[in-house]
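A look at the structure
One letter stands for each residue in the lines below.
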Amino acid sequence: MIVSRLTFPLQAAKLVARKAAGNPSNSIIQRRHMSGVYFRSGALRPKPDEMPFGLFAIFCAVIPGLFIGATISKNVANFLEENDLFVPSDDDDDED
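Everything quoted here is computed from the prediction, not taken from an experiment.

With that settled, the discussion passes to the overall build of the chain. Of the regular secondary structure elements, the chain holds two helices and zero strands. Here the chain holds 96 residues, and 1% of them are scored as buried. If you sum the accessible surface of the chain, you get close to 9,500 Å²; carbon and sulfur atoms cover 62% of it.

Take a look at the structure:
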């Protein structure tokens, strides 16, 4: 399937190169019209299936990712502070 998708652009590139070499004034670039809405015959494709728990699946992926990222950030900040690589200053900005 992947090979069949790769052969068309290669053949089209060869065809365009031959046309351009044969006629220098010809600069027409052929493009393959790919659409997910229509079949080649022009008929509309059927509506794609929807996941019944799509929003729930997104939350199940995002929430653990946020917690894991926050944990990693906290551990790295503690490591940097313990090794005196980055220590936040204790200056008070409220002084006038």
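Its 29 residues give helix 2 (residues 54-82) an end-to-end C-alpha distance of 43 Å, which sits within 8% of 42 Å, the value for a rise of 1.5 Å per residue. Asp 84 lies just past helix 2 and shows a positive phi near 55 degrees.

Taken together, the side chains of Leu 55, Ile 58, Phe 59, Val 62, Ile 63, Leu 66 and Phe 67 define a hydrophobic patch exposed on the protein surface, amounting to about 720 Å² of accessible area. Positionally, Phe 67 belongs in helix 2.

Here the UniProt feature "transmembrane region" sits at residues 52-72. A helix fraction of 90% and a strand fraction of 0% characterise residues 52-72, whose end C-alpha atoms lie 33 Å from each other.

Before going further, it helps to spend a moment on unusual backbone geometry. Positive phi is not limited to glycine here, since Asp 84 has a value of about 55 degrees. Position of Asp 84 relative to the elements: it lies in the segment after helix 2.

Now for the pattern of salt bridges. For the structure on display, the rule yields one salt bridge. Put simply, Lys 47 and Glu 50 hold a salt bridge, and the shortest N to O gap is 3.5 Å. There is no split in this pair, since Lys 47 and Glu 50 are both exposed.

What counts, and at which threshold
- Residues numbered from 1 in each chain as written.
- Predicted model: local features only at pLDDT ≥ 70, side-chain atom pairs only at ≥ 80, totals over all residues.
- Heavy atoms only, no water.
- Helix = DSSP H or I, 4+ residues; strand = E, 2+ residues; numbered from the N terminus.
- Buried < 20%, exposed > 50% of the residue type's maximum accessible area, 1.4 Å probe, protein only.
- Areas by Shrake-Rupley, 256 points an atom, 1.4 Å probe, with all protein chains shown as cover.
- Expected span 1.5 Å × (residues − 1).
- Patch = residues over 30% accessible without salt bridge, like charges linked within 9 Å, V, L, I, M, F, W, Y side chains within 5 Å.
- Salt bridge = Lys/Arg side-chain N within 4 Å of Asp/Glu carboxyl O.
- UniProt positions renumbered as here; feature names shortened; annotations may be inferred.

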